Structures are given as structure tokens and as C-alpha cells.
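Overview (structure and organization)
So the chains spell out like this:
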Amino acid sequence: MGEVPARVALRGDLTVRSVTQLEETLSKLEASGAVSLDLTDVRRLDTAGAWSLVALRRRVEGAGQKFDVVGVTPEAESLLDVVTKSWPSVEEVEPRKRSLSDLLEIVGRKVGSGVGFLLDLTSYLGLFLARLGRSFLHPREFRFTSLVHHCEEVGLKAVPIVALMAFLIGVVLAFQGSTQLRQFGAEVFVVDLIAISILRELGILLTSIIVAGRTASAFTAAIGSMKMREELDAMRTLGIDPAMALFVPRILALLFMLPILGLIANASGLIGGALMSWADLGISPEMFATRLIENTDVAHVFVGLVKAPVFALIIGVVGCYAGMQVQSNAESLGRMTSNSVVISIFAVIVADAMFSIFFARMGI
Amino acid sequence: MTAKPAQSEAVIRVRGVRNQFGKHVVHENLDLDVFRGEILGVVGGSGSGKSVLLRTIAGLQRPAEGSVNVLGVDVLKADEDTSAALEQRWGVMFQDGALFSSLTVRENVEVPMRAVDGLDPRIRAELADLKISMVGLPYLAGEKYPSELSGGMRKRAGFARALALDPEIMFLDEPTAGLDPIGASAFDRLIRSLSRSLGLTVFLVTHDLDTLHAVCDRIAVLADRKVLVTGTMQEMLKVEHPWVHEYFHGPRARAAQMQSPGGK
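Note that the structure is predicted; figures quoted are calculated from it, not measured.

A few words now on the overall build of chain A. Looking only at helices and strands, chain A features 13 helices and three strands. Its C-alpha atoms give chain A a radius of gyration of 35 Å, clearly above 21 Å, the size a compact globule of 364 residues would have. With the C-alpha coordinates aligned to their principal axes, the bounding extent of chain A is approximately 110 × 60 × 45 Å. Sorting the 364 residues of chain A into buried and exposed places 35% on the buried side.

Structural data, given as C-alpha cells:
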């Protein structure tokens, strides 16, 4: 059988553009007999074409038959040689089927990593507190310049956006409140509505959310890119503690600045509310002020601002932690940056909810 | 085995190029020809604009003046379709491979092939495996992500991606920088053998004197904001210019010369 080799003559371009068609044709060829391949009329041959021809040769020779090629140019010959020599030796990786126990394992691992994440956050908080304590004992290790710089970045530069945001919130509250309260002829209570909601909740919560968006991401990106470029390792070899040099000034700056930003937001929100009440309801600023002072307990301000340090710790610790999780590729930097924003905003809101419950139970 | 570019068809023709960043002029009135089938090594001191020249020819950096002609196409004046077609005819390997970090090595090599209409995905994956094997990477490297590879393997993977569409011209930016001597000389041999058997024209930016000796047919020296001189290694040794003399006669140059097979 197969004394006369099957002659296969190819012509035209055998390139990556025609390889799908070529491979379709060649794969139909029975490998049961000897094959003689004629390449005289082939104009161009690239690695893709050569791949298909070598694949054919391997099939034919694998079936114990003879295979020869005629009409090859020296260039094509060397190309076929290279492809033959570097033919990949496929190592099969067994695809695994997912069973129920795998599924359980995945769930278990997710839970475990969730718990581990919370533990990690706690340990970073502990690390920060320990280093903060250390800087009281060894004030020379404390980086004062860095603290001032971060106070400017975190606090001063956030003032315009925070003030504007709170002002608009005040306007919205006054406007929405007045339309509802007018139905009962109780327009004047809009002052209480604005004052309580801004001072107790919205001022500090929305400020924290904005700060989480702009500062947690900045912390993560800065620390993460330093980690990527091995700057943190360099610090350690020089005897500088990254937690002391990077975490303490950043988180401390947040601790100082967030209450101030909250206070600015409170003031700006009240101004926005007062202006809108004046324009919409005719409550003059004097009347707004009188009513504010007489009817609104100053405790609301403290209830609002007491949350600020907690939110600041959450944002700072999450931002620094996420920065330390960045690996050596750029993709992880982007992922951790967005993670740090999402996690810190979420954690701030959870903490705020817990504060609300606590204050309600305590009757404050 | 040195295929002398006898027919002398210039596939890259750079004329009167001027590049500047702000007030800092990198190139001024720079001319360069690269002939079909040759391996041209571009050398020059740090900051002499070797990589800028590569980026200019590959269309990544627009010069302030001058013309760049690659494979008969004026790179600076070509419309989008023409330059897209041209880009498929050259491959660029960046310094650290510049692999896409979110894709496996195999997927990285497949990226240029996705531009080919009607290429069967199975064939595409097998061609990618072939390219990966051609640059001397093990089969399983195809499954890995760039961050899991060593520097040398990343360079090889970058080379495989640049080879994906069988380009006519290959731009290599410091192919051996950061490799150990064994890895570097293996990479030299790889460049030499693949470019010969695939008929590549290679534009190679390097600092590595061993690479110049082992790989390059011709050398172009960048100095004083232009291509000061081009020629073979033998011709370089006779150049009087102080920097060129220092470069090719320094202690490292002598060591490299002694090791090169027969001083090519």
C-alpha cells in the first residue's frame, strides 16, 4: 500500500493570513500513504505556513510513511528547519473537574481570607498605635516635616471640595425640607432639620466619604508604588521603619485634619441651608441664627465630631494596608487603589451605622 | 555565514531628523540607512538618544523635523490604514519586554495575531506556542503571567510577541540589559540565528559590547546629536573620534574582542 506517494502541490502565499484555510485543506489529507510536497509555486512562506507543513510532516511520518518536499528555496528550507527544531513539546495539564467538596473548599477559603483581612487590618491598626507610642518615647524618630506635608495634602487641599459639597448639601436639605414642611405650615422647622441632620450625620459622613475617595487612594498609590520600586526594601536595609516613616505621618495627619474638615463642612452646610431658607422661605439669616442657637443642642455637634477620629483611623489604616498589598505588577496597584477606596467608604458607613445605634441606645 | 547586504536596499531611511524636548536638542540633522537583512547595532553614550531614535522610527515619537521612511512608507505622513498595515510588518521588543501584565504569555503572543482576519483561535494558540518555543521558552511558560517570569524569560516572551506576525523589521531595545552573561550570550545567539533564518532586518539598541561583536553586521554610533559614523566592527576600530575610540578601545572592549569568535 502507498507505493506511489500522494503528490501535493501548493501555490500562492502560505502565511498567517491563509493558514486557517491551508490547515483545513491539509488536515483532510489522509496520513495513511507517503506524501510528496511540491512548493515550487509558493510565493511566500512564513512561520505560520511552515507550522502547517511541519504539522503535516509529523502526522505522515508519525504514521510510519515517507514524506518529502521538493522545490523549496533555501530560505524556506531554513524556516522549515527552525520550526521543526523548535516544535513545542506539549505537556498536558490535566483539567480538573469541580466537585462539591471543591466548592465547599472555595467558600471556606473565602471566609478564611475575609477573616484574615479583618485580622490584618487590626494588626495594621496595632502597628500604627505601637509606632505612635514609640514616637512619644523617641521623638527624634518622628517625622514632623512629613506630618506637616500630609496635613496640607489631606486637609488644606481638601477644603474647597469639602466646603462646596457641604454647602450644596445644605441647599438641597433646605429646599427639600421646605417643600415638605410647607404642607403643615411648619416651614420654620426647616432650621432644625438642617441643623440636626448636618451636624449629627451628614457633615462628617459625607466629608469622610470624600476624604476616603481622595486620600485613601492617594495613600495606597503612594505606598504601593514605593513598594513596587523596592523603595520599602531599601528603607528597611537602611534601618528606616516603613511603618514609622510612612504610616504614622499619614494616619496622624488624617486624625488631625478630618475633625477640622468636618467642622468646615458643618459651617458651610449651615450657610448653604440658611441662604436657601432665606431665598425660598423668607427666613432671614438672623432668624435662622436665633432659632439655631435656641433650639439646637450643641451636643449634636459633638455627636457628629466624635466620629471623626474613628473614621480617620479607618481611612488611614485601610489606605496604608492596601498600599502594602500591592505586588510587583502595575495591575495590582490599580486594583488595590480602587479596593482601598471601596473598602474605606464601606467601612466608614458601617461604623457610622454602629455609632447611630449606640447613640440611640444611650439616648444621646 | 555573514549575509552581506549586497543588494543594499534601504528598508529604513532616516533623513534630517531633529528631536528636541523643550530646549534640549537630542538629534539634529540625523541621517541613517538600515539595509534589508542586516543586523544594525546602535550605540552611544547614556542620553545620546538611542531609544529616542528607535521610538522615532517606530512612530512612537514625532520628530520636530525630518523624514522617516520605512519599507517605502513615509511614517510621518502615512494615513491610519497605511500605518496600521506597516505596524504589522515590524516588531518591537521593549527593554523589559513590556508584556501585558493581565494576560498570560501565550495570550500576549496572540495579541498581534488577533488583528489577522479569520485566523482560527485554535491555530492561533498553537502558533503562539510555536513562537514561545522558538525563543527558547518551555511549553509551560505559555500558561504563566509575566510577573511569574524571570527578567530573561520576560525578554524572551517579549521577543516572541514581537515575532508573532513574522515581521520584516525587528526593533530591539537593549535586549541583553540586566541579563547574566550566560543568559545574555544565549540571547545574542537567539537573535542571530532567528534573524538569519527568518530573514529579519534588525535594529538593535545596545550598550553591550559582547552583543555588538557576536550579533551585529554593522554598527552606527550616535554622538554629537547625530549618527557620527556607521560601519563594521573593523572600521569602528579605526575611527579617530575620541568618544568612539574610547568606546571601542576601552578595557571592556578589548575583553569583548578577545572573546568574540575570530573577531568577526
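On a plain count of helices and strands, chain B comes out with 10 helices and 10 strands. For a compact globule of 264 residues, the expected C-alpha radius of gyration is about 18 Å, and chain B comes in at 18 Å, within 12% of that figure. Its C-alpha atoms put chain B at 55 × 45 × 40 Å along the principal axes. Per-residue burial for chain B yields a buried fraction of 45% across its 264 residues. Across chain B, every contact between residues at least 6 apart in sequence was considered, and the portion connecting residues at least 24 apart equals 67%.

Right, let's get into the sheet that holds strand S3 (residues 39–44) of chain B. Residue and element names in this part refer to chain B. If you walk across this open sheet you meet the six strands as S6-S7-S8-S3-S9-S10, and the pairing is mixed. Each edge of the open sheet carries a strand with a single partner, namely strand S6 (90–93) and strand S10 (226–231). Adjacent strand axes in the sheet meet at a mean angle of 15 degrees, parallel and antiparallel pairs treated alike. Summarising the sheet, S3 and strand S8 (residues 201–205) pair through four bridges and their orientation is parallel. Its bridge partner lying in S8, Leu40 is registered against Phe203. Each of S3, strand S9 (218–223) and S10 touches helix H9 (residues 242–249); the most contacted strand, S9, lies at about 130 degrees to it.

Another aspect to go through is the interface of chain A and chain B. Each partner contributes to the interface: chain A provides 26 residues, whereas chain B provides 22 residues. Tallying contributions element by element places helix H3 (residues 74–85) of chain A first for the side of chain A that touches chain B, with six residues. Here the side of chain A that touches chain B is composed, by residue class, of 11 nonpolar, eight polar and seven charged.

Right, let's talk about the pairing of S3(B) for a bit. Residues and elements named next belong to chain B. Most of S3 is tucked away, with six of its six residues classed as buried. Along S3, one buried face is formed by Ile39, Gly41 and Val43 and the opposite face, lined by Leu40, Val42 and Gly44, is buried too. Pairing geometry for S3 and S9, over five bridges, is parallel. By the bridge assignment, Leu40 is partnered in S9 with Arg218.

What follows deals with the sheet that holds strand S2 (residues 24–35) of chain B. All names here are of chain B. Within the open sheet, the four strands sit side by side as S2-S1-S4-S5. Their pairing is antiparallel. Each edge of the sheet is formed by a strand with only one pairing partner; in this case those strands are S2 and strand S5 (73–74). In this sheet, S5 lies alongside strand S4 (residues 65–70) in antiparallel orientation, the contact comprising two bridges. The residue bridging Val70 from the neighbouring strand is Val73, located in S5.

Moving on, we come to the environment of Ile169(B). All names here are of chain B. Residue placement: Ile169 occurs in strand S7 (residues 169–173). Here Ile169 falls in the buried class, since 21 other C-beta atoms lie within 10 Å of it. With 131 residues separating them in the primary sequence, Ile169 and Glu38 have C-alpha atoms 9.7 Å apart. Look past the residues within four positions of Ile169 in its chain and what remains in contact with it is Val11, Ile12, Val70, Arg89, Trp90, Thr201 and Phe203.

A few words on the domain arrangement of chain A. When its domains are assigned, chain A resolves into domain 1 (6–85) and domain 2 (128–362). Of note, the centres of domain 1 of chain A and domain 2 of chain A, computed from C-alpha atoms alone, are 69 Å apart.

Before going further, it helps to spend a moment on the nonpolar core. Membership of the largest hydrophobic core comes to 97 residues, with the highest contact counts inside it found for Leu40(B), Val42(B), Ile57(B), Phe171(B), Val202(B), Phe203(B) and Leu204(B). Here the element with the most residues in this core is helix H2 (residues 47–62) of chain A; it accounts for seven residues. Counting residues in each nonpolar core, the second largest holds 63 residues, with Val162(A), Leu173(A), Ile315(A) and Met336(A) among its members.

The next point concerns unusual backbone geometry. All names here are of chain B. The phi torsion at Glu174 lies on the positive side, around 45 degrees, for a residue other than glycine. Turning to its location among the elements, Glu174 is positioned in the loop between S7 and helix H6 (181–197). Note on Glu174: 21 C-beta atoms within 10 Å, which makes it buried. Phi at Asp224 is positive, roughly 55 degrees, even though this residue is not glycine. With respect to the helices, strands and loops of the structure, Asp224 is situated in the loop between S9 and S10.

In terms of burial, helix H1 (residues 50–57) of chain B is largely enclosed, as seven of its eight residues are buried. For H1(B), the set of buried residues is Lys50(B), Val52(B), Leu53(B), Leu54(B), Arg55(B), Thr56(B) and Ile57(B).

Residue and element names in this part refer to chain B. Of all five residues making up S8, five are buried, and the element is well covered by its neighbours. Residues Thr201, Phe203 and Val205 point to one face of S8 and Val202 and Leu204 to the other, with burial holding for every one of them. Two elements, S7 and S8, share five bridges in a ladder whose sense is parallel. By the bridge assignment for S8, Met170 is matched with Val202. Crossover S7 to S8 through H6 is right-handed.

All names here are of chain A. Where helix H7 (residues 190–228) contacts helix H12 (residues 308–324), the two axes come as close as 7 Å, and the packing angle between them is 25 degrees. Compared by their axis directions, H7 and H12 come out roughly parallel. Helix-helix and strand crossings are classified by hand; for H7 and H12 the assignment is right-handed. Of the residues in H12, those in contact with Ile204, Ser208, Val211, Ala212, Thr215, Ala216, Phe219, Thr220, Ala222, Ile223, Gly224 and Lys227 of H7 are Ala308, Phe311, Ile315, Gly316, Val318, Gly319, Cys320, Ala322, Gly323 and Met324.

The subject of this paragraph is the environment of Val154(A). Summarising the element assignment, Val154(A) is placed in helix H5 (residues 144–154). Between the C-alpha atom of Val154(A) and that of Ala216(A), which follows or precedes it by 62 residues, the distance is 9.8 Å.

This paragraph deals with the confidence of the model for chain B. All names here are of chain B. Per-residue confidence for chain B gives a mean pLDDT of 85, with 95% of residues at or over 70. Looking at the elements of chain B, mean pLDDT is at its lowest for helix H10 (residues 251–259), recorded as 74, and at its highest for helix H3 (residues 105–113), recorded as 92. Taken together, the stretch residues 1–6 has pLDDT below 50 and engages in six contacts with residues farther than four places along the chain or on a different chain. Scored as a complex, the prediction yields pTM 0.71 and ipTM 0.81.

Definitions and limits used
- Residues numbered from 1 in each chain as written.
- Chains lettered and ligands numbered in written order.
- Predicted model: local features only at pLDDT ≥ 70, side-chain atom pairs only at ≥ 80, totals over all residues.
- Helix = DSSP H or I, 4+ residues; strand = E, 2+ residues; numbered from the N terminus.
- Rg over C-alpha atoms; globule rule 2.2 N^0.38 Å.
- Buried ≥ 20, exposed ≤ 12 C-beta atoms within 10 Å, placed from the backbone.
- Contact = placed C-beta atoms within 7 Å.
- Pairing = 2+ DSSP bridges.
- Axes fitted to C-alpha atoms, helices over the stretch in contact; angles between N-to-C directions.
- Nonpolar A, V, L, I, M, F, W, Y, C, P; charged D, E, K, R; others polar.
- Domains from an automatic or database assignment.
- Core = buried A, V, L, I, M, F, W, Y, C linked by C-beta atoms within 7 Å.
- Right-handed = clockwise from strand over helix to strand, strands pointing away.
- Parallel < 35°, antiparallel > 145°, perpendicular 65-115°, else oblique.
- Left-handed = near helix turned anticlockwise from the far one by under 90°.
- pLDDT = per-residue confidence, 0-100.

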